Amino acid sequence: MRPRFSLLWSPVRFKALLGSSPLPGSRPGAPGLALSAGRSRSAGRSRLVVGSGPAVLELVSGQVEVREEFISEEEERELLGELEPVLKRKRYQFDHWDNAIHGYRETERSHWSERNSETLQRVRDVAFPPGIPQLGLVHVLDVDKGGYIKPHVDSVKFCGSTIAGLSLLSPSVMRLVSEQNQSDWVDLMLLRRSLYILRGAARYLFTHQVLKEGDSYFGGVEVPRGRRISVICRSLPSAA
Ligand SMILES: O=C(O)CCC(=O)C(=O)O
Ligand SMILES: [Fe+2]
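The structure presented is a predicted model; accordingly, all values stated were derived computationally and were not measured.

J.: I'd like to hear about the coordination of the iron ion (ligand 2), residue by residue, with values.
T.: Looking at the iron ion (ligand 2), one finds its protein donor set to be His 152 (NE2), Asp 154 (OD) and His 208 (NE2), positioned 2.0 to 2.1 Å from the metal centre. Spacing between the donor residues of the iron ion (ligand 2) along their common chain follows H-x1-D-x53-H. Here His 152 is found in strand β6 (residues 138-154), whereas its partner His 208 is found in strand β11 (residues 206-210), with 56 residues between them in sequence. Judged by its relative accessible area of 4%, His 152 falls in the buried class.

This is the structure:
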């Protein structure tokens, strides 16, 4: 039996699937505007978020966060040590017509080693305000070097207002595109061992995607893609 709240395999996992075509009216990978230091929580983080203009950056300010070096090399090794044996037993999946993710394998995990539990607790502590209900299962997604995640909005049935993900092994670019106006976009530079957090409008009103090799540019500079594992914590939808 799959867990009741499993995000995996669910046909309603994705609310929207828009394809991965370039953005109309803007050039993907173009430098864009950086989230200004005044609006981000620290000047050090602002260079990891760029967007198509000040209005879109204003809209997502406080709802998009990227924290560089959130985990240490040692913590990354520890997570990989627990995850690799599980992931290696699975095959990468390619080319299913309805898949929002191409070239991936995934798992969910509720029990972790003590050290990894501590790392994940740090993620939860910064991502979720006290008392907010959280999905106990942590989602682990292993996307191959040639793999990518197409634009989608996480299902509101299974995921609440906050998504927080650690990036292991490879840098990548996450692109948010406004569902209302597709020329409004925000790119997040997801460095290896960084944490990103999407909240509120950034989570509900924008699709998110992880760019494929060849399209993977941040601020006009190519971000070489390798195999990437993300470890994702989510809040629960509030009860209806
Ligand atoms: O890999 C990530 O960080 C994001 C994955 C994602 O968007 C999803 O599983 O819904
Ligand atoms: Fe997602």
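Past the structure itself, the notes keep going.
J.: So what about the UniProt feature "domain: Alpha-ketoglutarate-dependent dioxygenase AlkB-like" (unreviewed entry) in the chain? Which residues, and what values?
T.: Under the UniProt annotation, the feature "domain: Alpha-ketoglutarate-dependent dioxygenase AlkB-like" (unreviewed entry) is placed at residues 102-232. Between the end C-alpha atoms of residues 102-232 the distance is 18 Å, and the span holds 15% helix and 49% strand.

J.: Please set out the packing of aromatic side chains residue by residue, giving values where relevant.
T.: Within this structure, the stated rule accounts for zero aromatic pairs. The ring of Trp 185 carries the charged tip of Arg 175 above its face, separated from the ring centre by 5.6 Å.

J.: Residue-level account of the pattern of salt bridges, with values.
T.: Two side chains bearing opposite charge may form a pair once their charged atoms approach each other closely. Under the counting rule described, the total for this entry stands at 18 salt bridges. The shortest N-O distance in the salt bridge between Arg 47 and Glu 68 comes to 2.5 Å. A residue pair is termed long-range when its members are at least 10 positions apart, and Arg 47 in the loop between α1 (43-46) and β3 (49-51) and Glu 68 in the loop between β4 (64-67) and α3 (73-88) qualify at 21 residues. The class for Arg 47 is partly exposed, based on a relative accessible area of 47%. On the basis of relative accessible area, Glu 68 is assigned to the partly exposed category, the value being 32%. Of the charged contacts, one joins Lys 145 and Glu 213 as a salt bridge, the two residues approaching to 2.6 Å between their closest N and O atoms. Of this pair, Lys 145 sits in strand β6 while Glu 213 sits in the loop between β11 and β12 (217-218), and the two are 68 residues apart along the sequence. The partly exposed category is assigned to Lys 145, whose relative accessible area is 40%. Since its relative accessible area comes to 39%, Glu 213 is described here as partly exposed.

J.: Can you explain the nonpolar core? Please cite residues and give values.
T.: By size, the foremost hydrophobic cluster in this structure holds 34 residues, and its most contacted members are Val 64, Met 174, Leu 176, Val 186, Leu 188, Tyr 196 and Leu 198. A total of five residues in this core trace back to one element, the largest contributor, which is strand β9 (residues 185-190). Not counting residues up to four positions away in its chain, the partners in contact with Leu 176 are Val 64, Asp 184, Trp 185, Val 186, Leu 188, Leu 198, Ala 202, Phe 206, Thr 207 and His 208. Core analysis: the second largest hydrophobic core is formed by 21 residues, Leu 80, Leu 83, Leu 87 and Ile 229 among them.

Reading the values: rules and limits
- Residues numbered from 1 in each chain as written.
- Chains lettered and ligands numbered in written order.
- Predicted model: local features only at pLDDT ≥ 70, side-chain atom pairs only at ≥ 80, totals over all residues.
- Heavy atoms only, no water.
- Donors = N, O, S within 2.8 Å, 3.2 Å for Na, K, Ca; no water.
- Helix = DSSP H or I, 4+ residues; strand = E, 2+ residues; numbered from the N terminus.
- Buried < 20%, exposed > 50% of the residue type's maximum accessible area, 1.4 Å probe, protein only.
- UniProt positions renumbered as here; feature names shortened; annotations may be inferred.
- Phe/Tyr/Trp six-rings, centres within 6.5 Å; stacked < 30°, edge-to-face > 60°.
- Lys NZ or Arg CZ within 6 Å of the ring centre and 35° of its normal.
- Salt bridge = Lys/Arg side-chain N within 4 Å of Asp/Glu carboxyl O.
- Core = buried A, V, L, I, M, F, W, Y, C linked by side-chain atoms within 4.5 Å.
- Contact = heavy atoms within 4.5 Å.

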